[in-house]
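Spelled out from the first residue to the last, the chains are:
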Amino acid sequence: QRSDRVYVTIKVADCVRAAVHVNDGELSFSGHGHGARGTRDYALSLRLAGAVVPSRCCWFVCGPSVRVRLEKEAAGPYWD
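Before going into details, it helps to say that this report is about the structure given with it. What you are looking at is a predicted structure, and each value in this text was computed from that prediction instead of being measured.

**As for the overall build of the protein**
Counting its regular elements, the protein contains zero helices and six strands. Listing each helix as α and each strand as β along the protein from the N terminus yields β-β-β-β-β-β. In terms of overall size, the protein behaves like a compact globule, its C-alpha atoms giving a radius of gyration of 13 Å where 80 residues would be expected to give roughly 12 Å. Its C-alpha atoms put the protein at 40 × 20 × 20 Å along the principal axes. Expressed as a percentage of its 80 residues, the buried residues of the protein come to 30%. Summarising the internal contacts of the protein: among those between residues at least 6 apart in sequence, 46% fall at separations of at least 24.

Laid out in structure tokens, this is it:
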């Protein structure tokens, strides 16, 4: 985490059909890959601790994980 952004790493190796959505204070992920419970479909939904700018958030699949960068609406203190 930085004052202006938050980084999230989702551990799902060789992820295909990955989708990440950020809106209304929530991050959601779905995809198919190899994780702690074997090769299968995975999904995740998180309520964010603060406001972000969805149009400035991005994500990518990187080998053993899916990495998400959330841009905070206002730079400031770290989220708890």
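Let us keep going from here.
**A word on the pairing of strand S6 (residues 65–71)**
For S6, the tally of buried residues reaches five of seven residues, placing the bulk of the element in the interior. Inspection of the sheet shows strand S5 (residues 58–62) paired to S6 by five bridges, in the antiparallel sense. The residue bridging Phe60 from the neighbouring strand is Arg67, located in S6. Linking S5 back to S6 in an antiparallel pair, the connection comprises two residues, with Gly63 at a positive phi of about 55°.

**As for the environment of Val12**
Looking at where Val12 falls in the secondary structure, it is placed in the loop between strand S1 (5–10) and strand S2 (13–23). Judged by its relative accessible area of 3%, Val12 falls in the buried class. The sequence separation of Val12 and Val22 amounts to ten residues, and the corresponding C-alpha distance is 19 Å. In this structure Val12 touches Phe29, Gly33, His34, Tyr42, Gly63, Pro64 and Ser65, once residues within four positions along its chain are discounted.

**Some remarks on the pairing of strand S3 (residues 26–35)**
Residues Leu27, Phe29, Gly31, Gly33 and Gly35 point to one face of S3 and are all buried, whereas Glu26, Ser28, Ser30, His32 and His34, pointing to the other face, are not buried. As paired strands, S2 and S3 are joined by seven bridges and run antiparallel to one another. Its bridge partner being in S3, Val20 is matched across the sheet by Phe29. The hairpin turn running from S2 into S3, its antiparallel successor, is two residues long, and Asp24 in that turn takes a positive phi close to 45°. Sheet analysis places S3 next to strand S4 (residues 38–47), joined by ten bridges and oriented antiparallel. Looking across to S4, one finds that Glu26 is bridged to Arg47.

Rules used in this analysis
- Residues numbered from 1 in each chain as written.
- Predicted model: local features only at pLDDT ≥ 70, side-chain atom pairs only at ≥ 80, totals over all residues.
- Heavy atoms only, no water.
- Helix = DSSP H or I, 4+ residues; strand = E, 2+ residues; numbered from the N terminus.
- Rg over C-alpha atoms; globule rule 2.2 N^0.38 Å.
- Buried < 20%, exposed > 50% of the residue type's maximum accessible area, 1.4 Å probe, protein only.
- Contact = heavy atoms within 4.5 Å.
- Pairing = 2+ DSSP bridges.

So, to be careful, I would describe these as geometric facts and stop short of saying anything about function.
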